[in-house]
Amino acid sequence: MSKENWGLCKECKWWQIEPAATIEDQTVGECIDDKLQKFSIRITGNGGCSRFHEGKPARASGSSEKPPTAKPTR
Ligand code: SF4
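The model shown is predicted, which means the values in this text are computed figures rather than measured ones.

(A) Focus on the overall build of the protein chain. Across its full length, the protein chain carries zero helices and six strands. Reading the protein chain from its N end, one meets helices and strands in the order β-β-β-β-β-β. For 74 residues, the compact-globule estimate of 2.2 N^0.38 gives 11 Å, and the C-alpha radius of gyration of the protein chain, at 11 Å, lies within 12% of that figure. Across the 74 residues that make up the protein chain, the buried fraction comes to 26%.

Listed below in structure tokens is the structure:
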């Protein structure tokens, strides 16, 4: 798997966090990448993967619950 596409959740457009959350390493959100969202991945800002796509996180209430209850907004 290529390392060049790997990046951090806190810099990824597929990371979805609570509406008022700050973007930090320990902030919890969910991954809404179209291929990964079926797994309800709950992950902090310093997580990452090779599905990374640079951008600002999406925001929705329930993104940090266990399991996440927010619908993907992208
Ligand atoms: S797990 Fe991967 S695709 Fe999902 S938010 Fe984190 S870096 Fe982005």
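Right, picking up where we left off after that structure.
(B) Broad picture of the site of the ligand. Contacts to the ligand come from 14 residues, most closely from C9, C12, W15, C31 and C49. Classifying every residue of the shell around the ligand gives nine nonpolar, three polar and two charged.

(C) Geometry of the sheet that holds strand 6 (residues 58–59). Here we have four strands laid out as an open sheet, ordered 4-3-2-6, and mixed in their pairing. Lying at the two open borders of the sheet, with one neighbouring strand each, are strand 4 (42–44) and strand 6. In this sheet, strand 6 lies alongside strand 2 (residues 15–17) in parallel orientation, the contact comprising two bridges. Looking at strand 6, one finds that Q16 is bridged to A58.

(D) The arrangement of the environment of P72 in detail. Relative to the helices and strands, P72 resides in the segment after strand 6. The partly exposed category is assigned to P72, around which 16 C-beta atoms lie within 10 Å. Separated by 17 residues in sequence, P72 and G55 place their C-alpha atoms 15 Å apart.

(E) Region of interest: the nonpolar core. Among the nonpolar cores identified, the biggest contains seven residues, and these are C9, C12, W14, W15, I17, C31 and I32. When near neighbours in sequence (up to four residues on either side) are disregarded, I32 contacts W14, Q16, Q37, A58, P72 and R74.

The rules behind each value
- Residues numbered from 1 in each chain as written.
- Predicted model: local features only at pLDDT ≥ 70, side-chain atom pairs only at ≥ 80, totals over all residues.
- Helix = DSSP H or I, 4+ residues; strand = E, 2+ residues; numbered from the N terminus.
- Rg over C-alpha atoms; globule rule 2.2 N^0.38 Å.
- Buried ≥ 20, exposed ≤ 12 C-beta atoms within 10 Å, placed from the backbone.
- Near = placed C-beta within 6 Å.
- Nonpolar A, V, L, I, M, F, W, Y, C, P; charged D, E, K, R; others polar.
- Pairing = 2+ DSSP bridges.
- Core = buried A, V, L, I, M, F, W, Y, C linked by C-beta atoms within 7 Å.
- Contact = placed C-beta atoms within 7 Å.

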